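Summary of structural features
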Amino acid sequence: MLQPKDIQTIVDAHDDYWDGRRADLRTMKRLYMTRFWQDNGVADNVLRTEVPKAYAVVESYLGSLYAKNPAVRVEPDLRDRGTPEVAQATANQFLLAIRNQLEDATRLALIYPCAYLKLAPVESVDPLKRVSCAALPPWEVIVDATATSWEVQRWVGHVHLMPLAEAATRYSKAPEAFTGRVYTDWLDDTSRAMVGRPVALGDVASNDVDKWVRIVEVYDLRDDKLLVWSPDFDAGKSFLFEGVTVQIGALEETVDGQAPEAEFQHETTGIPYKTANGRPIVPIVPVYFARDPDKPLRGYSLVERSRDQFRELNLIRTYQAQGVRRMARQWMVRAGFLSEDAAAKISQGLDGEFIEVDTQPGQPLEGNMVPVPTAPIPGDIAAYALTVDGDIRDAGLLAPFTRGEVTKSTATEQNLLAAYTSSEIGRMARIRDEAITSVARVYNIMLSVVLGNDAEPLALPNPVGPTILSADDLTGDFGYWAVDAGTTPMSDLAKQQAFERLTPLLLQVGADPVRLLEEVVRVFQLPETLAQPAPMAEPTAEQPTQEVPSA
C-alpha cells in the first residue's frame, strides 16, 4: 500500500512535469482564444492582428465529433448476469444528461495533450442522479507515465483545490487542522508555490470563503485502495481520508413533501467500484486523440502539432496590416507653397473648396506637390500565407466535406465518410465512442453501489415495461456499443419506415404472424395489449358448422 511519503513523491513528479509545460499549454489556450499576443513581453506600441485559425481548426473537429444524442447499446453478459435492457436504459439517461461535459472533454483533448471525464458520487433524492460528471484538464490527473496503457497502471490520481470548509465537513476534520491557501488558476499562475506547495494565508484570506486546500485522490490499483492525501493536512505526513462516503438506498418523499434523512455509508474495504468479476474500476475516463509514441499516457495536442503555423499566420497578418496602414495619401510640398490655412483645407477634403497657393502667374503647379511614394506589399507574403494555411490543412488530415468544400465524390465515398472509415475524423470518432461506452459502464457500476440493497421503480419502454431497478440488474460484464447516430428521432423514423416496408415480405416468406405483431408493437412503442391475439369466436346456433364430407 502506498504511504504518504510515496504519494508526496508521485505528486512532486506530476508537478515537475506539468510545470515545465505550463508555458506551452498557456500558448495553446491563447491560440484557441485568439489572444496570442497577450502578455508576450513586446512593448513596442505596435497594433498587432491575430487570426482565429486555431479556433476554426478545433471547432471544425468538434463539429464533426460532438455527440448529438450520446447513447449505448448494451449486449447481454456471457454468463447471463444482470439485465441488459435495464442497464441500457439507466446508462442512456445519464449520457443524455452529460452531453455538455462530453463536448467539453472533447474540446480539452483537442487543445491540450489529453483530457479526462471524472464521475463522482453526490447527494440526491433520486438515486439515478447521485453520480456527477466533470471534464478535467490533463494537469489535474495523475497517471503512471511508465505504463504502456491505461489498464496496466499502478495508480491513478486526481489533484484539485477544494474549499477548506467543505474539506473539513466531507472528511470530518477540524478546520484548524488545515493550512489554507488562496485559490489560483493553475494555467495562468506563474508561481508554483501557490498551487504545488502549502502556503500559509496569514492576512491574505479574511474569511473562510477565501481559504482553499489541495486535495489528492489516489486510486492504488496494486493494493485496491482509495487514498485521500493533502499537503495542507498534517504537513502531508498522514492520510486525510481512506475510502469514500456514498449515499445509499432509495429515498422517497414523505406526505408533507420533505425527504427523509439520507443514509450514508463509508466504504473502506478498497476501491468500491468493481466489475462483476471483482476488478476495481477507476471513475476517471481518459480521452486521448493522439499519443506520445514513447509515453502513451502523456498524449499529444492537435493545436501543438500546428503551433508554428498558427504563430506564422499571426505574424503574417500583423505585417500585412501594418503595410496597409502605411498606405496613406501623403504629399510632399515645397516649403512656402501652401499656407497653414491651405494645408488645413486640403486635409479636410471638403468638396468645392477653393485653396490659395503661393505661385507666380502662369507658373505650373507641377513640381510643387508630389505624392509620397509607398512600396507595395510583396506578393510573396500572400503566397507564404497560403503555404502556411496548406500546412495546417495537411496536418489535420480532415476530409474536404468537413471544411465545407464541395467535392465530386461518389455515393460510396460519401457512405464511407459518414461511417467514419476513411479520414482522421474516423479514428477520433472511435476514441470518442470508446469514451462514451466507458462512461456508461462506470456509471452503471457506481449506480449499483449507491443503490445498495434497495430497489427503485422504473418505467421502461416495450418490451420490458415497468420494472424494479436493483443492483443485481446492473451487475454483469455487459458489452457496450456507442450508437449516437441510432438514437435520433429521424433515425428511429427511418427504421420504422423500413420495417413497415418489410412487413408484407416477411408474411409472404412464412414469418410467424404472432411474432411479427409483437415486433410491430415494440418498434412503434404501442400498448402491449395490442400484441395479445384476439380470442377465437365460438360458433352460434344461427351459424351451423360446416360438415366435413366423408371420404
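Structure: see above.
Each chain carries its own residue numbering, running from 1 in the direction its sequence is written. Local features in a predicted model are, by the rule used here, given only for residues with pLDDT of at least 70; side-chain atom pairs are given and counted only at 80 or more, and totals for whole chains, interfaces and linings are based on all residues. With hydrogens and water stripped out, all remaining heavy atoms of the structure feed into the side-chain values.

1. Concerning the overall build of the chain
Condition: Each helix is a run of H or I in the DSSP string that is no shorter than four residues. Each strand is a run of E no shorter than two, and both are numbered from the N terminus. The classification of residues rests on relative accessible area computed with a 1.4 Å probe and restricted to protein chains. Under 20% of the type maximum is buried, over 50% is exposed, and intermediate values are partly exposed. Working definition of accessibility: Shrake-Rupley area with a 1.4 Å probe, residue cover restricted to the visible protein chains.
Each helix and strand in the chain was counted, giving 16 helices and 16 strands. For the chain, the proportion of its 551 residues judged to be buried stands at 39%. Carbon and sulfur atoms provide 53% of the accessible area of the chain, an area that totals close to 31200 Å².

2. A few points about the packing of aromatic side chains
The test is simple: Working definition: rings of Phe, Tyr and Trp (its six-membered ring) pair if their centres are within 6.5 Å, and the pair is stacked with planes under 30 degrees apart, edge-to-face with planes over 60 apart, and tilted otherwise. The criterion for a charge sitting over a ring is simple: Lys NZ or Arg CZ within 6 Å of the ring centre, and within 35 degrees of the ring normal.
Inspection of every chain in the model, using the stated rule, returns 12 aromatic pairs. By the ring-pair criterion, three or more aromatic residues cluster together here, those being Tyr112, Trp139 and Trp186. We note Arg22 situated over the ring of Trp186; from NZ or CZ to the ring centre the distance is 4.5 Å. Sitting over the ring of Tyr288, Arg291 keeps its end group 4.3 Å from the ring centre.

3. Considerations on the sheet that holds strand E5 (residues 155–163)
Let me state the cut-off plainly: Strand pairing requires that DSSP identify at least two bridges connecting the strands.
Within the open sheet, the five strands sit side by side as E4-E5-E6-E7-E8. Their pairing is antiparallel. If you trace the sheet from one side to the other, it starts and ends with strand E4 (141–142) and strand E8 (241–242), each paired once. By the bridge criterion, five bridges tie strand E6 (residues 212–220) to strand E7 (residues 225–229) in an arrangement that is antiparallel. Of the residues in E7, the one forming a bridge with Val216 is Trp229.

4. Some points on the nonpolar core
Under the convention used in this document: To define a nonpolar core, start from buried Ala, Val, Leu, Ile, Met, Phe, Trp, Tyr and Cys residues and group those joined through side-chain atoms within 4.5 Å. A contact between two residues is defined here by any heavy atoms of the two lying within 4.5 Å.
Residues Tyr116, Leu119 and Tyr273 are the most contacted members of the largest nonpolar core, which totals 90 residues. In this structure, Tyr273 is in contact with Pro121, Val244, Val246, Arg279, Pro280, Ile281, Pro283, Ile445, Met446 and Val449, ignoring residues within four places of it in sequence.

5. Here's the deal with the side chain of Glu217
What counts, and what does not: Within 3.5 Å is the distance limit for a polar contact, defined as a pair of N or O atoms, with the added protein rule that one can donate a hydrogen and the other accept it, and that residues adjacent in sequence qualify only through two side-chain atoms.
When you line up the elements, Glu217 lands in strand E6. There is a polar contact of 2.8 Å between the side chain of Glu217 and the side chain of Lys118. Aside from chain neighbours lying at most four places away, what touches Glu217 is Lys118, Val156, Gly157, His158, His160, Tyr171, Leu227 and Val228.

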